[in-house]
Amino acid sequence: MTKNAPIQYPQTATVDVTDDYHGRTVADPYRWLEDVESEETAAWVSQQNKVTQAYLDKLPSRKPMRDKLEQLWNYSRTGLPVRRGDRYFFSHNDGLQNQSILYTAPADIASDQLSEKRTVLIDPNTLSEDGTVALGSWRPSDDGKLLAYSIADGGSDWRTWHVRNAETGEDTDDVVKWSKFSGVAWTPNSDGFYYARYAEPVEGEELTGTNENQMLYLHRLGTPQSEDVLVYSRPDEPQWGFSPSVTENERYLVIENWKGTEPKTQIFLRDLQNDDAPVRPIITGFDADYRFVAAVESTLYFLTDLDAPRRRVIAIDVADHLSDPDAMHEVDRSTWKSIIGETDDTLEDVSLLGDTIYASYLSDALSKIVRYSREGQRIGEVTLPGKGSAGGFGGRSDATETFFSFSNYVTPPSIHRVNVATGESELWLRPEVPFNVNDYVTEQVFCESKDGTRVPILITRHRDSNNDGNNRTLLYAYGGFNISLTPSYSPAVAAWLDSGGVYAVANLRGGGEYGSAWHEDGMRLKKQNVFDDFIASAEYLINTGITRSDKLAIRGGSNGGLLVGAVMAQRPDLFGACLPAVGVMDMLRYHKFTIGWAWATEYGSSDEEDQIDNLLSYSPLHNLKPGTCYPATLVTTADRDDRVVPGHSFKFAAALQAAQSCDNPTLIRIETRAGHGAGTPTSKKIDEYADLWSFLIENLQ
C-alpha cells in the first residue's frame, strides 16, 4: 500500500439518528461510536488500527525515522530545581526512560554535582511495565520534608494523591482519590493539604461521565479520605471549580474560583488565624481574570486583565474587609492599587521574590523578563541567551536565587540561575543533544489574514534551504483558550528538520500571545477568524516559495485538532497532508462528555440558538462533503483520553473515509493505554512521531 494504492477500509455501520437543533435537523449516522466502551466500538478500533498499521509498516522511511527519533530523544534532560528547606527537588531523564524520575539533592550544590549527590525520590518507571503510569503534579511542603504527589494512570485526567517523606523516601498511608484539574496547597504547619475533587463517578463512566460540582477539601495527614473536611462547594453553581493557595505568611487560604475555561475568575478568602472564619468573597462578578501572585502582610497581589487586555498587577489590602464580620461582598474597588501598569507587551506571569517582582512578558510571542520593585518601579531586564522562551522564576519570597529555562526550536532547554537581588544570571546546566543546532535558523515573519490582521509565523529551516517551492513543510498552530504558543525544543521537531523538512508555527487569534482582545477575536461567533488566520499562514508559505500545496502539511492537537479538521474541510485544495490529533470534531455534542461543557464559553454550544448556525458552519464532522478529494490524513487519538473523548476522532475518521473521493489515505491511529497527551511514555512518543513523520514523507512527494 503506497500513496496511490487504494486502501480497503473497514466497513463502518451507520445508524438512523437525527437531532433537532432549534429547527435544524442534523443526522448523526456514527453516533454509536461515541460509546467507547462497547464491544462494537472496540472491534471497529481494532480493525482501523490493523489497516493503519499495515499501511505505516510498509513505509520505507518509517524504520530509519524511528531510529533517528530514538537517537535524538536520547539526551540527558533536567527540570527546573525547586528549593524547599535545605534541598532541591527536580526531575531528570537520562534519555530514553519512559518517565522522568523525581530526585532530591542538597541545595546550593553546583550543577556538575547533581548526578553524584542526587537521591531518587519517586521513579514512575517502576509503577508499570509499559511506562503508562506517570507522575502528575507534585508539591513539597515549605520545609521540604514532605512531598504531596499525584499519579496519573494510562493518560487519564484523574489523579490520585499520595504523600512521601522526602527524608526517608517512604510513603505515608495518605491516599486521596478522584481529584482532577487541581493542585494542592499545604496547610501552614504542613499537617495536611487543600485539594479539589469531584464525586466518585458511576462505574463504567470514569472516562466519559460529566465532571461537575467540584468541591474543595482539606485532608489532614494520617486520616482517611472519608474524614476530609469540606472547605467550600457550590452545588448551586455546578460549573464552578476551585484552585487553592496558602499565603507564605500562613495567614490566608486564597481560593481562585473558575467557571469553565473562560479566563474570568472570582477570588474567595479564608482567614487561617481564626478556626471559625468563613470563606468570604473578595473579588466577585467574573468580570476579568485574577491570578494570585503573593501576599505581603494583609496585602494580596494579583495578575489581572481588568481594564488591561495585556494584563497588569494590582494589590488589594484585605485587613479592613476581614475585620467586618458581615462583609460577604467583594473588597471596595476604590481601595485597589495598580502596581504594574499595562504595556505594549503581554504580561504572562509574575512572581514576587524578596522585594523584587519578576514579570514575564511576551513580545510578538518571544520572552522578555522585566524586574520591578515591590512598589512597581521598573528596575531593568534580565538578559536572556537569545530569542525564544524563558520560563520559571519561581520560589518563595525569601529566596536568594531562582532558576529559569530557556529554549527555542533549535535550542534545547538550558537552565540558568539568577541572583534575585541583582537580577544577574549564569548558565547552570546545558544538555548536549545529538543535533547540530547551528545548521538551522528560525525567523519570524508576519502574514496578513483575510480581514487585514497581522499574524506572526515562526519558521525554522536548514540555513541552506531555498525558496524554490520544494520544501516539505509542516505548519502547526492551536488558536484557542487564551493559550500562547512560544518556541520550544522538541526531539520530534529536530527529527523533522533533520529529514529536510521546514517547521512553521503560526500564532493565531484565539491564543493569548497578544492578550485578551486577541483571544476574544477567536472565540464563539468569531471562531472563523482563527481558521482564516491559519489559511493565510499556509498561503504565505506557498506564495513566498517556501513550499507548495502538495508539499504542505498541517498539524494541531485538541483545539488544534479542531483547527486542522475545520480548515481541511474548508480548503482541501490547500494541503498535501493533514494530522488532526485528539481533536474536538463534533461541535454539536462536545459539551455532553467529561469536561466538555466547560468549553461552551470558548465555542458556544448547540444548546444556544444564536450559536448553532456558527457551529454548523465549521464543525469538522458536519462539513465533510462526499465526493471531495481530501488531503492524505492521519487522525490520531487515544483510548483513555477523558479530556476530548476519542468518539470525536472515531466519528470524524468514519465520515472522512466515507466522503473521500480519491486515493489519498484517510487513516486513524488509536493509541492504547494513553490519554490526551500528558504522561505519555517516551517509547510511545517515539513510535507515534515515527508514524506521523513517515506518513508525511510518503505523502508530500
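In the block above lies the structure referred to throughout.
Definitions and limits used
Residues numbered from 1 in each chain as written. Predicted model: local features only at pLDDT ≥ 70, side-chain atom pairs only at ≥ 80, totals over all residues. Heavy atoms only, no water. Helix = DSSP H or I, 4+ residues; strand = E, 2+ residues; numbered from the N terminus. Rg over C-alpha atoms; globule rule 2.2 N^0.38 Å. Buried < 20%, exposed > 50% of the residue type's maximum accessible area, 1.4 Å probe, protein only. Contact = heavy atoms within 4.5 Å. Areas by Shrake-Rupley, 256 points an atom, 1.4 Å probe, with all protein chains shown as cover. Lys, Arg positive; Asp, Glu negative; His and termini not counted. Charge placed at Lys NZ, Arg CZ, Asp CG, Glu CD. Axes fitted to C-alpha atoms, helices over the stretch in contact; angles between N-to-C directions. Parallel < 35°, antiparallel > 145°, perpendicular 65-115°, else oblique. Nonpolar A, V, L, I, M, F, W, Y, C, P; charged D, E, K, R; others polar. Left-handed = near helix turned anticlockwise from the far one by under 90°. Pairing = 2+ DSSP bridges. Phe/Tyr/Trp six-rings, centres within 6.5 Å; stacked < 30°, edge-to-face > 60°. Lys NZ or Arg CZ within 6 Å of the ring centre and 35° of its normal. Expected span 1.5 Å × (residues − 1). Core = buried A, V, L, I, M, F, W, Y, C linked by side-chain atoms within 4.5 Å. Disulfide = S-S within 2.5 Å.

**Description of the overall build of the protein chain**
Check the secondary structure of the protein chain and you find twelve helices and 38 strands. Relative to its length of 701 residues, the protein chain is compact, with a C-alpha radius of gyration of 25 Å against a globular reference of 27 Å. With the C-alpha coordinates of the protein chain rotated into their principal frame, the extents come out at 75 × 60 × 50 Å. Out of the 701 residues belonging to the protein chain, those deemed buried represent 59%. Sequence separation of 24 or more characterises 58% of the internal contacts of the protein chain that already satisfy a separation of 6 or more. In the form shown here, the protein chain has an accessible surface area of approximately 27100 Å², with 44% of it arising from carbon and sulfur atoms. A gap of 4 Å separates the mean positions of the 66 positive and 102 negative side-chain charges of the protein chain.

**Considering the packing of helix α7 (residues 528-543) against helix α8 (residues 559-570)**
Relative to each other, α7 and α8 sit at 70 degrees, their axes nearing to 10 Å. When the interaxial angle is binned, α7 and α8 end up roughly perpendicular. Taking contact as the criterion, the partners of Gln528, Val530, Phe531, Phe534 and Ile535 in α7 are, on α8, Leu563, Ala566, Val567 and Gln570. Along the lines of polarity and charge, the residues of the contact of α7 with α8 split into seven nonpolar, two polar and no charged.

**Comments concerning the packing of helix α5 (residues 491-498) against helix α12 (residues 682-699)**
Running from N to C, α5 and α12 cross one another at 25 degrees; their axes reach a closest spacing of 11 Å. The angle between α5 and α12 falls in the class roughly parallel. Considering how the two elements wind past one another, α5 and α12 form a crossing that is right-handed. Contacts from Ala492, Ala495 and Trp496 of α5 reach α12 at Tyr689, Trp693, Leu696 and Ile697. Taken together, the residues that form the contact of α5 with α12 break down as seven nonpolar, no polar and no charged.

**Considering the sheet that holds strand β35 (residues 552-557)**
What the eight strands build is an open sheet, ordered β31-β32-β34-β33-β35-β36-β37-β38; its pairing is mixed. Strand pairing shows two members of the sheet lacking a second neighbour, β31 (440-448) and β38 (666-671), which therefore form its edges. The sheet shows a mean angle of 20 degrees between the axes of neighbouring strands, taken without regard to direction. Here β31 runs beside strand β32 (residues 454-462); their pairing, made up of nine bridges, is antiparallel. Counterpart to Glu443 in the pairing with β32 is Ile459. Across the sheet, helix α1 (residues 39-57) is in contact with β37 (632-638) and β38; its angle to β38 comes to roughly 110 degrees. Contacting β36 (577-581), β37 and β38, helix α11 (residues 647-659) runs over the sheet at an angle of about 160 degrees to β38.

**What to know about the pairing of strand β19 (residues 290-296)**
As judged from the six bridges shared by β19 and strand β20 (residues 299-304), these two strands associate in the antiparallel manner. Paired with Phe292 across the two strands is Phe302, which belongs to β20. Linking β19 to β20, which pair antiparallel, is a turn of two residues; within it Glu297 sits at a positive phi near 55 degrees.

**What about the sheet that holds strand β25 (residues 366-373)?**
Here we have four strands laid out as an open sheet, ordered β23-β24-β25-β26, and antiparallel in their pairing. Since the sheet does not close on itself, it has two edges, and those belong to β23 (346-353) and β26 (378-381), each with one partner. Strand after strand, the sheet turns through a mean of 25 degrees between neighbouring axes, direction not considered. As judged from the seven bridges shared by β23 and strand β24 (residues 356-363), these two strands associate in the antiparallel manner. From the neighbouring strand, Ser351 faces β24, where its bridge partner is Tyr358.

**What to know about the packing of aromatic side chains**
Counted under the stated rule, the structure contains 32 aromatic pairs. Taken together, a centroid distance of 5.8 Å and an interplanar angle of 20 degrees make the contact between Phe90 and Tyr103 stacked. You can see Phe90 sitting in strand β5 (residues 87-93) and its partner Tyr103 sitting in strand β6 (residues 101-106), a full 13 residues away along the chain. Feature note: the residues Tyr232, Trp240, Phe242, Phe268 and Phe286 constitute an aromatic cluster, connected by ring pairs. Against the face of Tyr103 rests Arg118, its NZ or CZ located 4.3 Å from the ring centre. If you follow Arg454 out to its NZ or CZ, it ends over the ring of Phe446, 4.0 Å from the centre.

**Digging into α12**
Taking 1.5 Å of rise per residue, the 18 residues of α12 would be expected to cover 26 Å, and the 26 Å separating its terminal C-alpha atoms lies within 8% of that figure. Among the 18 residues that make up α12, 14 are buried, leaving the element largely enclosed by the rest of the structure.

**Quick look at the side chain of Ser373**
For Ser373, the position within the fold is in strand β25. When its relative accessible area of 11% is taken as the criterion, Ser373 is described as buried. When sequence neighbours within four positions are dropped, the list of residues in contact with Ser373 reads Asp355, Ile357 and Ile379.

**Observations regarding the environment of Gln377**
For Gln377, the location among the structural elements is in the loop between β25 and β26. Under the relative-accessibility criterion, Gln377 is labelled exposed at 56%. Between the C-alpha atom of Gln377 and that of Thr356, which follows or precedes it by 21 residues, the distance is 9.7 Å. Leave out the neighbours within four places in its chain, and Gln377 touches Arg371 and Tyr372.

**Structural notes on the nonpolar core**
Among the nonpolar cores identified, the biggest contains 114 residues, and Leu69, Leu475, Trp599, Tyr603, Trp693, Phe695 and Leu696 are the most heavily contacted of them. Counting residues per element, this core draws most heavily on α12, at eight residues. Residues Ile283, Leu300, Ile314 and Val331 belong to the second largest nonpolar core, which totals 19 residues.

**As for the state of the cysteines**
Scanning all chains against the criterion turns up one disulfide. A sulfur-sulfur separation of 2.1 Å characterises the disulfide bridge that pairs Cys629 with Cys662. When the S-S torsion is 80 degrees, as for the bridge of Cys629 with Cys662, the disulfide is right-handed. With a gap of 33 residues between them, Cys629 in the loop between α10 (609-618) and β37 and Cys662 in the loop between α11 and β38 connect regions that are remote in the sequence. Note on Cys662: relative accessible area 24%, which makes it partly exposed. Free of any disulfide, Cys447 has its nearest cysteine sulfur in Cys578, 18 Å distant.

**A closer look at unusual backbone geometry**
It is generally the case that most residues other than glycine have a negative phi and that most peptide bonds are trans. We note that Asn482 has phi near 65 degrees; this positive angle belongs to a residue other than glycine. On the secondary structure map, Asn482 appears in the loop between β33 (473-476) and α5. What makes Asn482 buried here is its relative accessible area of 16%. If you check the backbone angles, Thr594 has positive phi at about 40 degrees while not being a glycine. With respect to the secondary-structure elements, Thr594 resides in the loop between β36 and α9 (600-603). With relative accessibility at 0%, the residue Thr594 sits in the buried group.

**What about the environment of Lys337?**
Tracing the sequence through the fold places Lys337 in strand β22 (residues 337-340). For Lys337, a relative accessible area of 57% corresponds to the exposed category. The sequence separation of Lys337 and Tyr301 amounts to 36 residues, and the corresponding C-alpha distance is 9.4 Å. When neighbours within four sequence positions are excluded, Lys337 is seen to be in contact with Val313, Ile314 and Ala315.

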